[in-house]
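# Geometric and topological summary
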Amino acid sequence: MFKKILVSNRGEIAARVIRTCKKLGIQTVAVFSEADKDAPFVKLADEAYLLGGSRVNESYLNVDKIIAIAKESNAEAVHPGYGLLSENEQFARKCELEGIKFIGPSPDIIAKMGSKIESRKLMVDAGVPVVPGISYPLKDADQAIEVAGALGYPVMLKASAGGGGIGMQIVRNDKELSKAFAGNQKRAVDFFGDGAMFMEKFIENPRHIEIQVLADEHGNTVYLWERECSIQRRHQKVVEEAPSAFLDEETRKKMGETAVNAAKSLGYTNAGTIEFLVDGEKNFYFLEMNTRLQVEHPVTEEITGLDLVHEQLKIAIGQVLSFKQDDVERNGHAIEVRIYAEDPKTFFPSPGPIKTLTIPKGEGIRHELGVETGSVVTPFYDPMIAKLIIHSETREEAIHDLINALKSYTVEGIKTNIPMLIQVLEHEEFKNGNTTTKFVENYIQSKKVKNL
Ligand code: MV4
């Protein structure tokens, strides 16, 4: 196993990765910004190095400085967590050139999956179902109208480099499309430096169901079931669960095998996730592939009993997967909620000092925390401060236990989305499993949230 690893991330995920390293006797190196100098993850690591100022460009995105620290500290590998540099081809490539193992897939695969047009094309070649649409960049609005005519409205205009819903729009007729094209393309250029646009048929009221895969460097690939992450707000996931209440065994198996097939066709290695849109008839369509460990990985860990960070490390050091597809367990039901430092009325980030933080303890309750009492939430980073994960025998019990846990979770000093999470979990439609991507829009309105 590796002797020393640098964790090029912050917050709860840095703490999460360090925890597995400690369990395995691996030394850890943290890197941190000015704003994070007293953060829990910095204290947890065996060594910690200041990167620079609080803004990510001065700290967590400084590729050369992070690599220099890895070399200086004799770290053999880098774990990138999620976000930040985790899907940065250049960072992965530079690590490789410097002889530092990047814990993730190859830079080439990161680059390919970073382009939605390219990844769609590769999936079509692999026989993976994609949403009806095109896999080449549109030249202009006129060509877009021509393609929409062939697909039939409504369609979705998307930026190839897109993320977070930026550069993406539903369009319902020629007039809307001719108005939408330039603006979305401009946003794509402004945000991602890439104005390539493509188009798909719009799938109404879909679910977002993703498959976790693990692939070693010897050609073995398995799927670790699905996560349903349909409950989102403005493209930010709020509740994630495994298994999905919507899938039957046949569809589950078909999606899992499709994901493995997709990963194999790419020569994928390490942990990855294939996202699918699933319509009301349980047709599923490839959406994108995430080439990192995801925020919601704990629900998969809870139902399979695996430690995904440990699996990533074993793969990265060249070990053969220690189990086969048929050995993958699926026990009970797990639900994760993301706790954000945000004003429940406006949904704007709510930075400030955390005066008290009291978390419920008990069997089946798991916390992934990026903060502690006394921490200061700053406006420099993502406002997610913690995750709460419940693992129970059944979905009903998990919902019940999660509501109870959230009701005894206290954060003072800053505002959080906890009232909104309780509202989601208590909703009859959530209990019924009617968790589509429209859930928050349809049933949860900020003005209806109590306890303001
Ligand atoms: C779609 C779609 C419907 N039809 N594509 C949103 C994020 C981006 N990665 C893809 N997204 C969508 N693509 C087609 N052809 C609906 C969404 C979508 C969505 C997807 C997953 C989870 C939440 C969502 C919320 C709104 C729209």
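Residues numbered from 1 in each chain as written. Predicted model: local features only at pLDDT ≥ 70, side-chain atom pairs only at ≥ 80, totals over all residues. Heavy atoms only, no water.

## Let's talk about the pairing of strand β13 (residues 284-290)
When you tally the buried positions in β13, you get six out of seven residues, the bulk of the element. Judged from the six bridges that link them, strand β12 (residues 270-278) and β13 form a sheet pairing that is antiparallel. When the sheet's bridge partners are listed, E275 is paired in β13 with E288. (Buried < 20%, exposed > 50% of the residue type's maximum accessible area, 1.4 Å probe, protein only. Helix = DSSP H or I, 4+ residues; strand = E, 2+ residues; numbered from the N terminus. Pairing = 2+ DSSP bridges.)

## Comments concerning a negative patch on the surface
Taken together, the side chains of E393, E396, E397 and D401 make up a negatively charged region of the molecular surface. Counting through the fold element by element, E397 comes out in helix α12 (residues 395-407). For E397, a relative accessible area of 37% puts it in the partly exposed group. (Patch = residues over 30% accessible without salt bridge, like charges linked within 9 Å, V, L, I, M, F, W, Y side chains within 5 Å. Areas by Shrake-Rupley, 256 points an atom, 1.4 Å probe, with all protein chains shown as cover. Salt bridge = Lys/Arg side-chain N within 4 Å of Asp/Glu carboxyl O. Lys, Arg positive; Asp, Glu negative; His and termini not counted. Charge placed at Lys NZ, Arg CZ, Asp CG, Glu CD.)

## A look at the site of the ligand
If you check the shell around the ligand, you find 15 residues, and the closest are K158, E200, K201, I203 and E288. The separation between a nitrogen atom of the ligand and a polar side-chain atom of E288 is 3.0 Å. Expressed as a share of its isolated accessible area of 530 Å², the protein-covered part of the ligand is 86%. Among the elements of the structure, β6 (155-159), β8 (197-201) and β13 are those that each provide at least two residues to the shell around the ligand. Here the shell around the ligand is built from residues that sort into seven nonpolar, four polar and four charged. Residue-level mapping places the shell around the ligand at the junction of two domains, with at least three residues from each of domain 2 (132-201) and domain 3 (207-448). (Near = heavy atom within 4 Å. Polar contact = N/O pair within 3.5 Å; in protein donor to acceptor, adjacent residues only side chain to side chain. Nonpolar A, V, L, I, M, F, W, Y, C, P; charged D, E, K, R; others polar. Domains from an automatic or database assignment.)

## A few points about the sheet that holds β8
The three strands are arranged β7-β6-β8 in an open sheet whose pairing can be described as antiparallel. Two strands in the sheet have a free side with no partner beyond their single neighbour: β7 (169-171) and β8. Across this sheet, the average inter-strand angle for adjacent strands is 30 degrees, counted without regard to direction. Bridge count between β6 and β7: three bridges; the pairing is antiparallel. Along β7, the bridge assignment pairs L157 with Q169. This element, helix α6 (residues 116-125), spans β6 and β8 of the sheet and lies at about 50 degrees to β8. (Axes fitted to C-alpha atoms, helices over the stretch in contact; angles between N-to-C directions. Contact = heavy atoms within 4.5 Å.)

## Focus: the nonpolar core
Formed by 89 residues in total, the largest nonpolar core has its most connected members in I5, L6, F41, F91, L214 and F276. Residue assignment places this core across two domains, with domain 1 (4-103) and domain 3 (207-448) each supplying three or more. (Core = buried A, V, L, I, M, F, W, Y, C linked by side-chain atoms within 4.5 Å.)

## Quick word on the sheet that holds strand β2 (residues 27-33)
With respect to topology, five strands assemble into an open sheet ordered β3-β2-β1-β4-β5, the strand pairing being parallel. The sheet is open, and its two edges are formed by β3 (47-52) and β5 (101-102), each paired on a single side. Pairing of strand β4 (residues 77-79) with β5 involves two bridges; the strand directions are parallel. In the strand pairing of β5, V78 is matched with F102. Running over the sheet, helix α1 (residues 11-24) touches β1 (4-7), β2 and β4 and is turned about 170 degrees from β1.

## Description of the confidence of the model for the chain
Low pLDDT marks regions whose predicted coordinates should not be analysed in detail. In this model, the chain carries an average pLDDT of 96, and 98% of its residues clear a pLDDT of 70 or more. Segment residues 447-452 is flagged for pLDDT under 50; beyond a separation of four residues in sequence, or across chains, it makes 10 contacts in the model. (pLDDT = per-residue confidence, 0-100.)

## As for the packing of aromatic side chains
Given two aromatic rings, their pairing is described by the distance between the two centres and the angle made by the two planes. Using the criterion set out here, one finds eight aromatic pairs in the structure. With a centroid separation of 5.7 Å and an interplanar angle of 80 degrees, the aromatic rings of Y60 and Y381 are classed as edge-to-face. In this pair, Y60 is assigned in the loop between β3 and α3 (63-72) and Y381 in the loop between β18 (376-377) and β19 (384-392), connecting sequence segments 321 residues apart. When sorted by exposure, Y60 lands in the same class as Y381, which is buried. Through a chain of ring-to-ring contacts, three or more aromatic side chains come together here, namely Y60, F380 and Y381. Over the face of the ring belonging to F246 we find R207, whose NZ or CZ atom lies 3.8 Å from the ring centre. (Phe/Tyr/Trp six-rings, centres within 6.5 Å; stacked < 30°, edge-to-face > 60°. Lys NZ or Arg CZ within 6 Å of the ring centre and 35° of its normal.)

## A closer look at the environment of T258
Tracing the backbone shows T258 in helix α9 (residues 249-266). Residue classification places T258 among the buried positions, given a relative accessible area of 13%. Along the primary structure T258 and Y223 are separated by 35 residues, whereas in three dimensions their C-alpha atoms are 9.5 Å apart. Aside from chain neighbours lying at most four places away, what touches T258 is V128, P129, F276 and F284. Of the polar contacts made by the side chain of T258, one reaches the backbone oxygen of K254; its length is 2.6 Å.

## Considering α3
An α-helix turns once every 3.6 residues. As a result, residues three or four positions apart point the same way. All buried positions along α3 are accounted for by V63, I66, I67, I69 and A70. Down the axis, α3 shows its buried residues gathered within 160 degrees of arc, on one side only. On the buried face of α3, the contacting elements are β1, β2, β3, β4 and α4 (89-97). Taken from the residues just after α3, N74 is the one with a positive phi, measuring 60 degrees. (Arc of directions from axis to C-beta.)

## Details of the domain arrangement of the chain
When cut into domains, the chain gives domain 1 (4-103), domain 2 (132-201) and domain 3 (207-448). Taken over C-alpha atoms, the centre of domain 1 sits 23 Å from the centre of domain 3. Of the residues lining the interface, 32 residues belong to domain 1; the matching set on domain 3 comes to 31 residues. Both faces considered, domain 1 and domain 3 share a buried interface measuring about 2300 Å² in area, 58% of it formed by carbon and sulfur atoms. A salt bridge links E368 to R19; its shortest N-O distance comes to 2.5 Å. Where the side of domain 1 that touches domain 3 is concerned, the elements lending two or more residues are α1 and α2 (40-44). In terms of residue count, the dominant contributor to the side of domain 1 that touches domain 3 is α1 (11 residues). The class makeup of the residues in the side of domain 1 that touches domain 3 is 13 nonpolar, eight polar and 11 charged. (Buried area = accessible area lost by both parts, 1.4 Å probe.)

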